[in-house]
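Below are the chains, spelled out letter by letter.
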Amino acid sequence: LKAAVWNCLARNARTDELDRLDNLLENAREYYQDHPEEAEQMIGRFAVPTVANAEAAAWTATVRVLLNLDEFITRE
């Protein structure tokens, strides 16, 4: 998660941000483990044989949050 924030926002993550992202990732893992069809749909043709679809979908959902932040979209 620290690397994701660094790569998306070019800064270190604050503790509260990491806590929220970690919570989101855990919730997404639980959700996609319980809904494998949706995990497969989320990953689509980008599935990686060595990574479970639920795990890949959870990370995708979490990182999408970073990619949709105004701080990512707008550089000052």
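Each remark here, short or long, concerns the structure printed above.
Throughout, residues of each chain are indexed from 1 in the direction in which the sequence is written. A pLDDT threshold of at least 70 governs which residues receive local features in this predicted model, and a stricter bar of 80 or more applies before side-chain atom pairs are shown or counted, although totals over entire chains, interfaces and linings include all residues. The basis for every side-chain value is the complete set of non-hydrogen atoms in the structure, without hydrogens or water.

Visitor: Looking at this structure, I do not really get the side chain of Thr62. What am I missing?
Guide: Counting from the N terminus, the helices are the DSSP runs of H or I reaching at least four residues and the strands are the DSSP runs of E reaching at least two. Its place among the elements puts Thr62 in helix H4 (residues 53-67). For every residue, the accessible area obtained with a 1.4 Å probe (protein chains only) is divided by the maximum for its type, and the residue is called buried under 20%, exposed over 50%, and partly exposed between those limits. The class for Thr62 is buried, based on a relative accessible area of 1%. Polar contacts involving the side chain of Thr62 include one to the main-chain carbonyl oxygen of Ala58, which spans 2.9 Å. Between two residues, a contact is recorded if the distance between any of their heavy atoms is within 4.5 Å. For Thr62, the residues in contact, after removing those within four places along its chain, are Leu1, Leu21, Leu24 and Leu25. Polar contact criterion, stated in full: a pair of N or O atoms within 3.5 Å, where within protein one must be able to donate a hydrogen and the other to accept it, and residues adjacent in sequence count only if both atoms are side-chain atoms.

Visitor: What is the right way to read the packing of aromatic side chains from this model?
Guide: Here a ring pair, both rings aromatic, is described through the centre-centre distance and the interplanar angle of the planes. Any pair of Phe, Tyr and Trp rings, taking the six-membered ring for Trp, is counted once the centres come within 6.5 Å. Such a pair is stacked with planes under 30 degrees apart, edge-to-face with planes over 60 apart, and tilted for the rest. Counting across every chain of the model gives one aromatic pair. With centroids separated by 5.2 Å and ring planes inclined at 85°, the aromatic side chains of Tyr31 and Tyr32 adopt a geometry described as edge-to-face. You can call Tyr32 buried: its relative accessible area is 11%.

Visitor: Where do I start with helix H1 (residues 2-9) in this structure?
Guide: Since the α-helix turns once every 3.6 residues, residues separated by three or four places project in the same direction. Burial in H1 covers these residues: Ala4, Val5, Cys8 and Leu9. Mapping the buried residues of H1 onto a view down its axis gives an arc of 95°, with all of them on the same face. Facing away from the buried surface of H1 by more than 90 degrees, the exposed residues are Lys2, Ala3 and Asn7. Each element contacted by the buried residues of H1 is listed here: helix H2 (15-34), H4 and helix H5 (70-73). Where H1 terminates, the next one or two residues include Ala10, which has phi positive at roughly 55°. The arc in question is the one spanned by the directions pointing from the helix axis to the C-beta atoms.

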